[in-house]
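What follows is the residue order along each chain.
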Amino acid sequence: MNYVNQLEFAKELDQSDPLKSFRTKFYIPEKDGKDVIYFCGNSLGLQPENVDEFVNRELRKWRDFAVEGHFTEPYPWVDYHKFGRTVLAELVGAEENEVVAFNSLTVNLHLMLASFYQPEGVRNKIIIESGAFPSDHFAVTSHMKIKGVDPAMSLVEVAVPEDGYLSTAEIIDAINDHKNELALVLLPGIQYYTGQFFRIREITRAAHDVGAFVGFDLAHAIGNVPVSLHDDDVDFAVWCSYKYLNSGPGNVGGGFIHQKHNNDPSFPRLAGWWGQDETIRFKMENNFQPTKGIDGWMLSNINALSTSAHLAALEIFKEAGMENLRKKSITLTGYLEFLLKDSSFAPNLKILTPGSADERGCQLSLYFLKNGRNVYDFLTHNGVMLDWREPNVMRAAPAPLYNTFEDVFRFVKLCEKAHDQLG
Ligand SMILES: *Cc1c(COP(=O)(O)O)cnc(C)c1O
């Protein structure tokens with residue numbers, strides 16, 4: 001698209017946006033009586049308006065039917081983990097029995113590591129990236145320690161350059177360098193700091209070629225970019241629902257386990273009663289016969305009160321469609337990139353995120369050579385909500401469900417104003 005650096009142009013793009021009505025389905029925070037420019041959907045998505053209805057339905061069910069709510073239509077609690085499945089499967093490119101909403105991201109990562117990190121002899125290494133989110137790093141090293149493996153010897157951290165991102169070739173080289181010792185590769189779908197979208201299919205193939213399992217942390221990918229976990233042959237994935245999925249603070253996470261593993265009752269796992277085959281679950285016997293599919297990894301019955309907010313948010317994704325969202329997202333983030341490069345402060349800015357749309361989602365990570373923190377403070381005082389990540393990055397994530405081209409235009413003008421004032 002040929003972009004133009006003009007407010008009128010931004011407004012025209014908003015007018016012709018087929019998804020424009022979705023903004024009205026969200027509560028936008030205000031500052032001084034005006035909608036803020038909310039670029040923080042990568043951290044906490046906005047509240048959808050239908051959440052009240054979904055949560056209140058379960059509150060009423062609890063009030064009016066108490067324990068019978070487990071079997072009261074609609075949405076009986078005993079089946080509550082099943083209701084989001086169709087949309088989740090679409091979002092991550094999976095078969096329905098490969099995905100479920102349960103627990104939280106880090107808990108699910110631990111469950112997956114218990115299953116997929118089975119060090120044997122010299123094959124005990126795990127590859128992550130040096131910039132991995134701390135929780136992922138802690139989860140991996142704690143499993144190594146439990147299994148008597150020394151992370152200093154066996155954790156391979158592919159080094160991310162301080163002001164850039166990893167090439168797929170560097171990752172594949174690391175996989176091949178450690179091929180006989182490699183047990184597992186764990187990478188993000190989208191890297192939280194740089195916004196890089198990893199090439200899931202190529203990385204998965206390279207890891208499988210050397211006999212290792214591969215898992216992806218989709219915290220920043222789900223609801224942001226379409227992925228194809230089943231076809232790409234990924235072994236497992238985990239995610240949270242409160243970032244791009246707008247399901248509310250700390251709400252239920254989710255996971256994916258490929259069909260080729262998840263129907264095998266002998267696949268190693270940490271087990272709980274909710275993973276027991278549901279036809280015998282309530283016999284309360286102690287012979288564990290896991291449910292087919294990823295449900296055989298469930299531990300506990302589902303928190304219907306909070307999961308109801310997740311279902312409300314997934315309804316919106318079903319209506320909007322991930323392909324449509326991605327289409328808008330590419331244009332919206334492309335416009336942000338164009339305006340930044342066309343701005344008066346361009347010489348002070350390095351964009352850490354890859355420049356090609358197929359290597360990023362909606363987020364651009366802005367690295368200011370000087371005054372970064374001051375620019376950030378100016379923006380937050382002037383009605384922008386976005387976040388700062390140490391050591392020196394401002395993450396701007398225009399979400400296609402509720403952000404506008406006008407948001408993007410006004411954001412870059414405010415960055416210009418900040419630079420004018422700071423000199
Ligand atoms: C947001 C995020 C998390 C958060 O984990 P929780 O268990 O949901 O608190 C973990 N890993 C990555 C990469 C994230 O971006």
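Rules and cut-offs
- Residues numbered from 1 in each chain as written.
- Predicted model: local features only at pLDDT ≥ 70, side-chain atom pairs only at ≥ 80, totals over all residues.
- Heavy atoms only, no water.
- Helix = DSSP H or I, 4+ residues; strand = E, 2+ residues; numbered from the N terminus.
- Rg over C-alpha atoms; globule rule 2.2 N^0.38 Å.
- Buried < 20%, exposed > 50% of the residue type's maximum accessible area, 1.4 Å probe, protein only.
- Contact = heavy atoms within 4.5 Å.
- Polar contact = N/O pair within 3.5 Å; in protein donor to acceptor, adjacent residues only side chain to side chain.
- Domains from an automatic or database assignment.
- Buried area = accessible area lost by both parts, 1.4 Å probe.
- Salt bridge = Lys/Arg side-chain N within 4 Å of Asp/Glu carboxyl O.
- Near = heavy atom within 4 Å.
- Areas by Shrake-Rupley, 256 points an atom, 1.4 Å probe, with all protein chains shown as cover.
- Nonpolar A, V, L, I, M, F, W, Y, C, P; charged D, E, K, R; others polar.
- Pairing = 2+ DSSP bridges.
- Axes fitted to C-alpha atoms, helices over the stretch in contact; angles between N-to-C directions.
- Patch = residues over 30% accessible without salt bridge, like charges linked within 9 Å, V, L, I, M, F, W, Y side chains within 5 Å.

### What to know about the overall build of the protein chain
And step 1. What the protein chain contains, in helices and strands, is 13 helices and 15 strands.
And step 2. For 423 residues, the compact-globule estimate of 2.2 N^0.38 gives 22 Å, and the protein chain sits close to it at 22 Å.
And step 3. The C-alpha extent of the protein chain, read off along each of the three principal axes, is 70 × 60 × 30 Å.
And step 4. Counting only residues that meet the buried cut, the protein chain has 58% of its 423 residues in that class.
And step 5. Look at the contacts in the protein chain between residues 6 or more apart in sequence, and 72% of them connect residues 24 or more apart.

### Looking at the side chain of asparagine 262
And step 1. Checked against the element boundaries, asparagine 262 lands in helix H9 (residues 259–262).
And step 2. Owing to a relative accessible area of 1%, asparagine 262 belongs among the buried residues under this scheme.
And step 3. Here asparagine 97 takes part through its backbone oxygen, which lies 3.1 Å from a polar atom of the side chain of asparagine 262.
And step 4. With residues near it in sequence (within four places) discarded, asparagine 262 still touches Asn97, Glu98, Ile257, Lys292, Gly293, Ile294 and Trp297.

### Some points on the domain arrangement of the protein chain
In many reports, interface size means the accessible area that the parts give up when they come together.
And step 1. Along its sequence, the protein chain is carved into domain 1 (7–35 + 321–422) and domain 2 (53–317).
And step 2. Counting from both sides, the interface comprises 29 residues of domain 1 and, opposite them, 22 residues of domain 2.
And step 3. Interface area lost by domain 1 to domain 2 is led by Met322, Leu352 and Glu359, which between them contribute 27%.
And step 4. At the junction of domain 1 with domain 2, the criterion picks out 2 salt bridges.
And step 5. As a salt-bridge pair, aspartate 358 and arginine 199 come within 3.8 Å of each other at their nearest N and O atoms.
And step 6. The interface formed by domain 1 and domain 2 holds 8 residue pairs in polar contact (both at pLDDT 80 or more) in total.
And step 7. Secondary-structure elements contributing two or more residues to the side of domain 1 that touches domain 2 are helix H11 (322–341), strand E12 (364–368) and strand E15 (393–396).

### Here's the deal with the site of the ligand
And step 1. Neighbouring the ligand are the residues Leu105, Thr106, Phe133, Asp136, Asp217, Ala219, His220, Cys240, Tyr242 and Lys243.
And step 2. Measuring from an oxygen atom of the ligand, one finds a side-chain N or O atom of threonine 106 at 2.6 Å.
And step 3. A distance of 3.1 Å separates a nitrogen atom of the ligand from a polar side-chain atom of aspartate 217.
And step 4. For the ligand, the protein covers 83% of the area, taking 390 Å² as the surface of the free molecule.
And step 5. For the shell around the ligand, the class distribution of residues is 5 nonpolar, 2 polar and 3 charged.

### A short note on the sheet that holds strand E10 (residues 254–257)
By definition, the strands of a sheet pair up through backbone hydrogen bonds, in either a parallel or an antiparallel sense.
And step 1. Taken in spatial order, the 7 strands of this open sheet run E4-E10-E9-E8-E7-E5-E6, and their pairing is mixed. The outermost strands of the open sheet, each flanked by one partner alone, are strand E4 (99–101) and strand E6 (155–158). Strand-to-strand twist across the sheet, computed as the mean angle between neighbouring axes with direction ignored, equals 15 degrees.
And step 2. Bridge analysis of strand E7 (residues 182–188) against strand E8 (residues 213–217) gives 5 bridges, and the strand direction is parallel. Bridge pairing in E8 links valine 185 to valine 214.

### Concerning a nonpolar patch on the surface
And step 1. On the surface, a cluster of nonpolar side chains totalling about 280 Å² of accessible area is made up of Leu59, Trp62 and Leu305.
And step 2. Taking the relative accessible area as the measure of exposure, leucine 59 reaches 35% and is therefore partly exposed.

### As for the pattern of salt bridges
And step 1. Counted under the stated rule, the structure contains 24 salt bridges.
And step 2. For glutamate 359, the salt bridge is made with arginine 199, and the minimal N-O distance between the two is 3.9 Å. Placement of the pair is glutamate 359 in the loop between strand E11 (349–351) and E12 and arginine 199 in the loop between E7 and helix H8 (200–209), with a sequence separation of 160 residues.
And step 3. Classification of glutamate 359 by relative accessible area gives buried; the value is 15%.
And step 4. When the shortest N-O distance is used, the salt bridge between aspartate 235 and lysine 260 registers 3.9 Å. Remark: lysine 260 occurs in helix H9 and aspartate 235 occurs in the loop between E8 and strand E9 (236–239); sequence separation between them is 25 residues.
And step 5. Assessed through its relative accessible area of 1%, aspartate 235 is described here as buried.

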